[in-house]
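Close look at the chain arrangement
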Amino acid sequence: MTFADLIVVNARIVTIDPFLPEAKAMAVKDGRIIALGEWADLRLMANSQTQIVDAAGNLVLPGFQDTHIHLLEGGQADYCSADLLSVTTVEEMQAALADHAAANPGEWVKGAGWNSGYFGAANLNRHVLDQVVPDRPCFTMASDGHNACLNTRACEVIGLIKGTPDPANGHFVQEADGTPSGLLYEDAIFWALDRMPALTDADYQQGVRHGQKLANRHGFTGVLDASVYERHTRVYAQLEEAGELTVRVSATARVDANEVPAQALERVSAIRAAHQSDMFKVHSAKFFLDGVFENRTAAMIEPYADAKGGNAELMFSRAQIMEFFPLFDAARFQLHIHAIGDEAVRAGLDGMEAARRQNGQWPGLHQIAHVQVIDPADIPRFFELGVMANLQPLWAQVEPSITDMVQPMIGPERSRYIYANRSLIDAGATCALSSDWSVSTLNPFQIMETAITRQPPGEPHHPVLMPEQRMTREEALRGYTINAARAAWNAEKCGSLSLGKYADFIIIDQDILDCDVYEIGKTEVLLTVLGGVEVYRREGFES
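Now for a look at the structure at hand. (Residues numbered from 1 in each chain as written. Predicted model: local features only at pLDDT ≥ 70, side-chain atom pairs only at ≥ 80, totals over all residues. Heavy atoms only, no water.)

1. Brief notes about the overall build of the protein chain
Rule in force here: Only DSSP runs of H or I covering at least 4 residues are called helices, and only runs of E covering at least 2 are called strands; the numbering of each starts at the N terminus. When we talk radius of gyration, it's over C-alpha atoms, and the globule rule is simply 2.2 Å times the number of residues to the 0.38. Burial classes follow relative accessibility: with a 1.4 Å probe on protein chains only, a residue under 20% of its type's maximum area counts as buried, one over 50% as exposed, and anything between as partly exposed. The criterion used for residue contact is that any of the two residues' heavy atoms lie within 4.5 Å. A positive count includes Lys and Arg, and a negative count includes Asp and Glu. His and the chain ends are not counted in either. Charge coordinates come from a single atom per side chain, which is NZ of Lys, CZ of Arg, CG of Asp or CD of Glu.
Counting its regular elements, the protein chain contains 17 helices and 24 strands. For 543 residues, the compact-globule estimate of 2.2 N^0.38 gives 24 Å, and the C-alpha radius of gyration of the protein chain, at 23 Å, lies within 12% of that figure. Structurally, the protein chain occupies a C-alpha span of about 80 × 55 × 50 Å along its principal axes. Relative to its 543 residues, the protein chain shows a buried fraction of 60%. Sequence-distant contacts, at least 24 apart, represent 73% of the contacts inside the protein chain between residues at least 6 apart. Put simply, the protein chain has 43 plus and 71 minus side-chain charges, and the middle of one group is 4 Å from the middle of the other.

Here's what the structure looks like:
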C-alpha cells in the first residue's frame, strides 16, 4: 500500500482535466498527484504521517499561472519605490513621492506605477517632480514600462542635456528650446537606467522574494517572466539553488533590434541551455515589435485618425522579422511577441507564417501578447498558424486610456477591435490570460471578472467596453490554468489536477464558477500549495 504525504478532503475539486472533471478528495505523494476521487476511496492511503487538508467545502483549483509578468523587475520596483499605481492627479503623485522621499533617505527617490492614461507630456515633466524632490535625483516609471520621467537633478546626474540624441527606438521629450523635459519614451528609459547606480544581485533577489510572495497570496504557482537578460537569469538561478523559489519560473529571453541575428541566437541559446529545470527554465525569445498608444509608439496599418495624425514604425523592420523569426523558430524557441497596434500584430503573424513555411509545423505555441488592436482579417490567423493570444483582460474596460486616448487616435471602425477577445476565441484561438504585473494588479480574480464583464471589478453599472467581446467563466479559468501551462511549455507537469502531475493547487473562499459574477474579484485564496508544499496560507484558515 502506498501511503500519501497529503490528502485534500471535503472539497469541490475542479481539475480542468476532461477525463475526470471533478472530485471530492485528492492524494499527493512526493509532490505529485497519485489519486483523485471520494474520501472513501482514498482513506486507506492515509497513515499517521499523512497530512489531511480539510477544504471545508471550498473550491480547489489548479494553481494559477501568469504567463506574462515581470516578476524580478516588478518585485524590485514595488519593494523599494513610491506606489503610484492609484494616483490620478499631479498633486497625488507629488504627495506620494514626497512621503516616500521623507521615509527613504537614500540618494535616489523612485516611484513606480503611474498610469499613462492620466499622465504624459501635457502634465508631467521634470519641473513637476522638482517641486517635491528638488535636491535629490528622482526617477519615476509608468506602469506600462514604456514611459518614465526624471527630475532636473536626475537629468544632471546621468548627463541628459540639450542636444543628447535619441537612442534607437527611444525618445527624449523636449521643451520648446530643446532642453529635455525629463519625460522618457521606450528605449530612452534603458539609456537612463544604464547611467543610474547599478542595483546588486541582492537587490534583485529581494525583488523576486517580494514578488513571489504576492504571487502565492493570489494563488499563483507558476509565472513567465516576459523579458529577461543574463542578470535576471543569474538571480533566478541563485534563488533556485538556495531553494527559495516558491513559484515555477519560465522565462523569455529578450532579443533587441540592434543585435546581429546569428549572434543573438548564440547568446540566447546559451542562456536556454544553462537553465532547464522544473523550477526555472528559459524556453522562449522575446521581441518588442512596437510600443504603446500612450506615447504614440503603437504601430498601425493605417495612420492615426486624430488631428495630430502620424504613425509609428515597427521596432523590428519587416526585413529583420523575416530573418529573426525563422532563425529562432528553427532553433525551436517559442516566439513571444509584444504587439499593441494592428500592424505589429500583423507583422508578428507574418513572421510566424514565414517561420512555419521555412521550418515546417511544430507545437511551438508562439505567442502574441496584448493584441490591443487587431485587423479583423488577422483574427482567424491565430488558429490557422497555431499562435496563442496572451491577453491582459483587465485593460478591456471603459477608462480614460481607452476612451480619451486610444479611441480618438484610431477612430470608430478600428475601435471595434480593441481587445477583441471573444472574436479570437470564436475563431479558434487558444488564449492565455495574464496581468503584465507590475503594469497592473496581479490579482487574477479581478482580471477574470473584467474578462467576463468588460467592466471594472465590482461595478455592474459601469459602461461596458464592447459587451460582444466578453469571455465566459470557464474560458477565463482555462486561460489561467491549462492554457497558461501550455504557454509556458509546462502542461505535462501542471495546469490541471491530473494523475502524475505536480500537486500545484489552491483553495479559494468562494465558487467563482457559480457566484455572482460581480463578486468574483473579491475572491481570496485560502491556501496555495506548490508540489505538495504549502507556500501561502491566509491568516485564520484552519484545515
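Having seen it, we continue.
2. Some details on the pairing of strand 23 (residues 525-530)
Going by this rule: Paired strands, in this sense, are two strands between which DSSP finds at least two bridges.
Along strand 23, six of the six residues are buried, which leaves the element largely enclosed by surrounding structure. Examined bridge by bridge, strand 22 (residues 505-508) and strand 23 share four bridges and lie antiparallel to one another. Paired with Ile506 across the strands is Thr528, a residue of strand 23. Of the strand pairs in this sheet, strand 23 and strand 24 (residues 533-537) are connected by four bridges, and their pairing is antiparallel. Across the sheet, residue Leu527 finds its bridge partner in strand 24, namely Arg537. The hairpin turn running from strand 23 into strand 24, its antiparallel successor, is two residues long, and Gly531 in that turn takes a positive phi close to 55 degrees.

3. Quick notes on the pattern of salt bridges
Put simply, the test is: Salt-bridge detection follows one rule: a side-chain nitrogen of Lys or Arg within 4 Å of a carboxyl oxygen of Asp or Glu.
Inspection of every chain in the model, using the stated rule, returns 31 salt bridges. A salt bridge links Arg538 to Glu524; the shortest N-O distance between them is 3.1 Å. Residue Arg538 is found in the segment after strand 24, and its partner Glu524 is found in the loop between strand 22 and strand 23; the two are separated by 14 residues along the sequence. The structure contains a network of salt bridges with shared partners spanning Arg318, Glu343, Arg346, Asp350, Glu353, Asp375, Asp378 and Arg381.

4. Some remarks on the sheet that holds strand 6 (residues 51-54)
Rules: To get an axis, a line is fitted to the C-alpha atoms, and for a helix only the part in contact is used. The angle between two axes follows their N-to-C directions and goes from 0 to 180 degrees.
An order of 5-4-1-6 is seen for the four strands of this open sheet, with the pairing classed as mixed. Among the strands making up the open sheet, the edge pair consists of strand 5 (32-37) and strand 6. Across the sheet, the mean angle from the axis of one strand to that of its neighbour is 20 degrees, orientation sign disregarded. The pairing of strand 1 (residues 6-9) with strand 6 spans four bridges and is classified as parallel. Paired with Val8 across the two strands is Val53, which belongs to strand 6.

5. A short note on the side chain of Asn390
The condition that has to hold: Counted as a polar contact is a pair of N or O atoms within 3.5 Å, where, for protein atoms, one must be capable of donating a hydrogen and the other of accepting one, and residues adjacent in sequence contribute only when both atoms are in side chains.
Along the polypeptide, Asn390 turns up in strand 20 (residues 388-391). Residue class for Asn390 comes out buried when judged on its relative accessible area of 0%. A distance of 3.2 Å separates a polar atom in the side chain of Asn390 from a polar atom in the side chain of Gln392. Once residues within four sequence positions are removed from consideration, Asn390 is found in contact with Thr67, His68, His336, Gln367, Ile368, Ala369, His370, Ala432 and Ser434.

6. Some thoughts on helix 3 (residues 90-103)
In plain terms, the rule: A helix is expected to span 1.5 Å for every residue after the first. An arc is given here, and it is the one of the directions from the helix axis to the C-beta atoms.
Its 14 residues give helix 3 an end-to-end C-alpha distance of 20 Å, which sits within 8% of 20 Å, the value for a rise of 1.5 Å per residue. Of the positions making up helix 3, those classed as buried are Val90, Met93, Gln94, Ala96, Leu97, His100 and Ala101. End-on view of helix 3: buried residues confined to an arc of 165 degrees, all on one side of the axis. Of the exposed residues in helix 3, those oriented more than 90 degrees away from the buried face are Glu91, Asp99, Ala102 and Ala103. Turning to helix 3, the residues buried within the fold contact helix 2 (71-80), strand 9 (82-83), strand 10 (109-114), helix 4 (126-130) and strand 11 (138-142).

7. Brief notes about the sheet that holds strand 17 (residues 280-288)
A sheet is described by the order of its strands in space; here eight strands give the open sequence 8-15-16-17-18-19-20-21, paired in parallel fashion. Since the sheet does not close on itself, it has two edges, and those belong to strand 8 (64-69) and strand 21 (431-433), each with one partner. Neighbour-to-neighbour, the strand axes of this sheet turn through a mean angle of 25 degrees, independent of strand direction. Pairing of strand 16 (residues 248-254) with strand 17 involves six bridges; the strand directions are parallel. When the sheet's bridge partners are listed, Thr252 is paired in strand 17 with Ser284. Its contacts with the sheet place helix 8 (residues 230-241) against strand 15 (220-228), strand 16 and strand 17, and it is angled at close to 160 degrees to strand 17.

8. Notes on helix 8
Here helix 8 contains twelve residues, and its C-alpha end-to-end distance of 16 Å stays within 8% of the 16 Å for a straight helix at 1.5 Å per residue. Elements in contact with the buried residues of helix 8: helix 2, helix 7 (201-217), strand 15, strand 16, helix 9 (261-274) and strand 17. Looking one or two places after helix 8, you find Gly243, whose phi comes out positive at around 70 degrees.

9. Remarks on the packing of aromatic side chains
To be explicit about the condition: Pairing of aromatic side chains here covers Phe, Tyr and the six-membered ring of Trp, requires ring centres within 6.5 Å, and sorts the geometry by plane angle: under 30 degrees stacked, over 60 edge-to-face, intermediate tilted. Any Lys NZ or Arg CZ found within 6 Å of a ring centre and within 35 degrees of that ring's normal is scored as a charge over the ring.
Evaluation of the coordinates by the stated rule reveals 17 aromatic pairs. Judged by centre distance (5.0 Å) and plane angle (75 degrees), the rings of Phe172 and Trp191 are edge-to-face. Taken together, the residues Phe172 in strand 13 (residues 170-174) and Trp191 in helix 6 (residues 188-193) connect sequence positions 19 residues apart. Judged by relative accessible area, Phe172 falls into the buried class, the value being 1%. Pairing Tyr236 with Phe280 gives two aromatic rings, centres 5.3 Å apart and planes at 40 degrees, and the pair type is tilted. In this pair, Tyr236 sits in helix 8 while Phe280 sits in strand 17, placing the two residues 44 residues apart along the sequence. No difference in accessibility class separates Tyr236 from Phe280, as the two residues are buried. Every member of this aromatic cluster is reached through a ring pair, and the members are Phe287, Phe316, Phe324, Phe325, Phe328 and Phe333. Seen from the ring of Tyr502, Arg248 lies directly overhead, with NZ or CZ sitting 3.9 Å from the centre.

Structural measurements only, silent on function.
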